[in-house]
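A look at the structure
Take a look at the letters that make up each chain.
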Amino acid sequence: GQQLNQSPQSMFIQEGEDVSMNCTSSSIFNTWLWYKQEPGEGPVLLIALYKAGELTSNGRLTAQFGITRKDSFLNISASIPSDVGIYFCAGPSLEYGNKLVFGAGTILRVKS
Amino acid sequence: GAVVSQHPSRVICKSGTSVKIECRSLDFQATTMFWYRQFPKQSLMLMATSNEGSKATYEQGVEKDKFLINHASLTLSTLTVTSAHPEDSSFYICSAISGGDTGELFFGEGSRLTVL
């Protein structure tokens, strides 16, 4: 099936630092989604991107839809302890009947 | 915002028994719901698409007789893990689209199944 390559796999950062993670694909996506999942919970949507080049913010989070439509990044500024969790990129795959496919996730841990 | 609720959140069962997990859309109608499975430290893998009033569509490699899906109403889909075995232990998550096919996808809280 369609693969989304997400990196880094995990990050252990100091509180207050900025964080950046990204996703790439060999195929074009028309929508990029970023989710956060906390332990024992389902994913919660953070940011949705619908247009190539789009840059969208949600509080301390900023995400961009790459111009080529094959990549997206998520930045978290001034991280705080409650940012810990697993962050997933996702998108409806055109090759997969528009079903949602997920990246492998980025585990974020914040040291206070 | 739209809410999707799963029940139970945790279940422990003996090998060979069947377990039913419910997924409800609390404030919207969902003709389509999705069931995912997530193993520890891994991503979500789509198991099946649940269609109200018709048969579910299973992804390759997912046994339809093992994972029975029933979408009897516009707000409820159930996943039954039949004759569960320890390798079926996983986190099962459902999702539903609010606002038609182009609406936002909301996820349930997940159900952790442990088979002893």
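Quick caveat, the model's predicted, so the values are computed rather than measured.

1. Regarding the state of the cysteines
Here the structure, examined in full by the defined rule, presents 2 disulfides over all chains. Of the cysteine sulfurs around Cys13 of chain B, a residue in no disulfide, the closest is that of Cys94 of chain B, at 18 Å.

2. Digging into the confidence of the model for chain B
Of all residues in chain B, 96% attain a pLDDT of 70 or more, and the chain-wide mean is 92. Considering each helix and strand of chain B separately, the mean pLDDT is smallest for strand β10 (residues 104-107) of chain B, with a value of 86, and largest for strand β11 (residues 111-115) of chain B, with 97.

3. A closer look at the environment of Thr31 of chain A
All names here are of chain A. Mapped onto the fold, Thr31 is located in the loop between β3 (19-24) and β4 (32-37). Put simply, Thr31 and Arg109 are 78 residues apart on the chain and 27 Å apart in space, counted from C-alpha to C-alpha. Look past the residues within four positions of Thr31 in its chain and what remains in contact with it is Leu49, Tyr50, Phe65, Ala90, Gly91 and Pro92.

4. Details of the interface of chain A and chain B
By convention, interface size is frequently given as the accessible area that disappears when the constituent parts associate. On the side of chain B, 16 residues touch chain A, which itself brings 14 residues to the contact. Of all residues in chain A, Pro43, Lys99 and Phe102 of chain A bury the most surface against chain B, accounting for 34% of the area lost on that side. The interface formed by chain A and chain B contains 1 salt bridge. Salt-bridge contacts for Lys99 of chain A lead to Glu59 of chain B; the nearest nitrogen and oxygen are separated by 2.7 Å. Remark: the boundary between chain A and chain B carries 4 residue pairs in polar contact (both at pLDDT 80 or more). In terms of residue count, strand β10 (residues 99-102) of chain A provides more of the side of chain A that touches chain B than any other element does, 3 residues in total. Class assignment for the residues of the side of chain A that touches chain B results in 8 nonpolar, 4 polar and 2 charged.

5. Notes on unusual backbone geometry
At the junction of Ser7 of chain A and Pro8 of chain A, the peptide bond is cis and its omega measures out at -5° in the coordinates. One can find Pro8 of chain A in the loop between β1 (5-7) and β2 (10-14). For the peptide bond that leads from His7 of chain B to Pro8 of chain B, omega is 0°, which places it in the cis range. Its place among the elements puts Pro8 of chain B in the loop between β1 (4-7) and β2 (10-13). Positive phi outside glycine occurs at Ala78 of chain A, with the angle close to 45°. Even without a glycine there, the phi angle at Ser83 of chain B is positive, about 45°. Position of Ser83 of chain B among the secondary structure elements: in the loop between β8 (76-81) and β9 (90-98).

Calculation rules
- Residues numbered from 1 in each chain as written.
- Chains lettered and ligands numbered in written order.
- Predicted model: local features only at pLDDT ≥ 70, side-chain atom pairs only at ≥ 80, totals over all residues.
- Heavy atoms only, no water.
- Disulfide = S-S within 2.5 Å.
- pLDDT = per-residue confidence, 0-100.
- Helix = DSSP H or I, 4+ residues; strand = E, 2+ residues; numbered from the N terminus.
- Contact = heavy atoms within 4.5 Å.
- Buried area = accessible area lost by both parts, 1.4 Å probe.
- Salt bridge = Lys/Arg side-chain N within 4 Å of Asp/Glu carboxyl O.
- Polar contact = N/O pair within 3.5 Å; in protein donor to acceptor, adjacent residues only side chain to side chain.
- Nonpolar A, V, L, I, M, F, W, Y, C, P; charged D, E, K, R; others polar.

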